[in-house]
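Here is what each chain is made of, one letter per residue.
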Amino acid sequence: MTRRHIVSILLENEAGALSRVAGLFSARAYNIESLTVAPTDDPSLSRMTLVTTGTDDIVEQVCKQLNKLVDVVKLVDLTKDEHVERELILIKVKAENEQRDEVKRIVDIFDGQIIDMTDTTYTLEITGDSKKIDAVLKALQGITILEVVRSGQLGMGRGDKGMI
């Protein structure tokens, strides 16, 4: 059965590390739906979170191949265990006259923030899981959306166990 997998990778913070991971997916014609990378509290390491879709067997095979890359320190398929996940979205909308109140109401419902405003626009910030982010976009269907930026998924296992 095909399903969505969130894979968390701890890798050496070196030039070309991201390229090697993406190249492995590209060479095998696997799609990366979402990819987020940033340094950790240890400047020599980066944390990569990627989302892909496939059967458990296919994703397990990809994870084994990723583990063989020199830059990869540790890899966890978060989908197998209890985990939390979040995504950030920034949405710039047209907000004039009566639309301003409607947009504020939607932002409040989804526990978001208006982080910038002009006479004619609002820029919204909302975090949550993918379903919440999709629901925000659906709720805004009657509003003119000028621009959308989604961060992609971030994920972390629950409990006291960490990647290091």
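Residues numbered from 1 in each chain as written. Predicted model: local features only at pLDDT ≥ 70, side-chain atom pairs only at ≥ 80, totals over all residues. Heavy atoms only, no water.

The next subject is the overall build of the chain. Regarding its fold elements, the chain presents four helices and nine strands. Summarising its shape, the C-alpha atoms of the chain cover approximately 55 × 40 × 35 Å along the three principal directions. In the chain, which comprises 164 residues, the share counted as buried stands at 37%. Contacts in the chain between residues at least 24 apart in sequence constitute 74% of all its contacts with a sequence separation of at least 6. Carbon and sulfur atoms make up 50% of the accessible area of the chain, which totals about 9700 Å². (Helix = DSSP H or I, 4+ residues; strand = E, 2+ residues; numbered from the N terminus. Buried < 20%, exposed > 50% of the residue type's maximum accessible area, 1.4 Å probe, protein only. Contact = heavy atoms within 4.5 Å. Areas by Shrake-Rupley, 256 points an atom, 1.4 Å probe, with all protein chains shown as cover.)

Turning to helix H2 (residues 56-67), a few remarks are in order. Taking 1.5 Å of rise per residue, the 12 residues of H2 would be expected to cover 16 Å, and the 16 Å separating its terminal C-alpha atoms lies within 8% of that figure. The complete set of buried residues in H2 reads Val59, Val62, Cys63, Gln65 and Leu66. Buried positions in H2, seen along its axis, are confined to an arc of 160° and lie on one side of it. (Expected span 1.5 Å × (residues − 1). Arc of directions from axis to C-beta.)

Within the secondary structure layout, Ser130 lies in helix H4 (residues 130-139). Engagement of the side chain of Ser130 in a polar contact is seen with the side chain of Glu87, the distance being 3.3 Å. Contacts of Ser130, omitting those with residues within four sequence positions, involve Arg4, Glu87, Arg150 and Gln153. (Polar contact = N/O pair within 3.5 Å; in protein donor to acceptor, adjacent residues only side chain to side chain.)

At a closest axis distance of 11 Å, the pairing of helix H1 (residues 17-27) and H2 adopts a crossing angle of 140°. Of the two possible hands of crossing, H1 and H2 adopt the one that is right-handed. Contacts between H1 and H2 involve Val21, Leu24 and Phe25 on the former and, on the latter, Val62, Gln65 and Leu66. Classifying every residue of the contact of H1 with H2 by side-chain character gives five nonpolar, one polar and no charged. (Axes fitted to C-alpha atoms, helices over the stretch in contact; angles between N-to-C directions. Left-handed = near helix turned anticlockwise from the far one by under 90°. Nonpolar A, V, L, I, M, F, W, Y, C, P; charged D, E, K, R; others polar.)

Both strand S5 (residues 83-94) and strand S9 (residues 154-157) contribute to a ladder of four bridges, which runs antiparallel. The residue bridging Val84 from the neighbouring strand is Met156, located in S9. (Pairing = 2+ DSSP bridges.)

This paragraph deals with a nonpolar patch on the surface. On the surface, Leu18, Leu35 and Val37 cluster together into a nonpolar patch covering about 210 Å² of accessible area. As for its position among the elements, Leu35 is in strand S2 (residues 32-39). (Patch = residues over 30% accessible without salt bridge, like charges linked within 9 Å, V, L, I, M, F, W, Y side chains within 5 Å. Salt bridge = Lys/Arg side-chain N within 4 Å of Asp/Glu carboxyl O.)

Turning our eyes to something else, we now look at the environment of His5. One can find His5 in strand S1 (residues 3-12). Along the primary structure His5 and Val51 are separated by 46 residues, whereas in three dimensions their C-alpha atoms are 5.6 Å apart. Residue contacts for His5: discarding those within four places in its chain leaves Leu50, Val51, Thr52, Gly54, Thr55, Asp56, Val59, Asp77 and Thr79. A distance of 3.2 Å separates a polar atom in the side chain of His5 from a polar atom in the side chain of Asp56.

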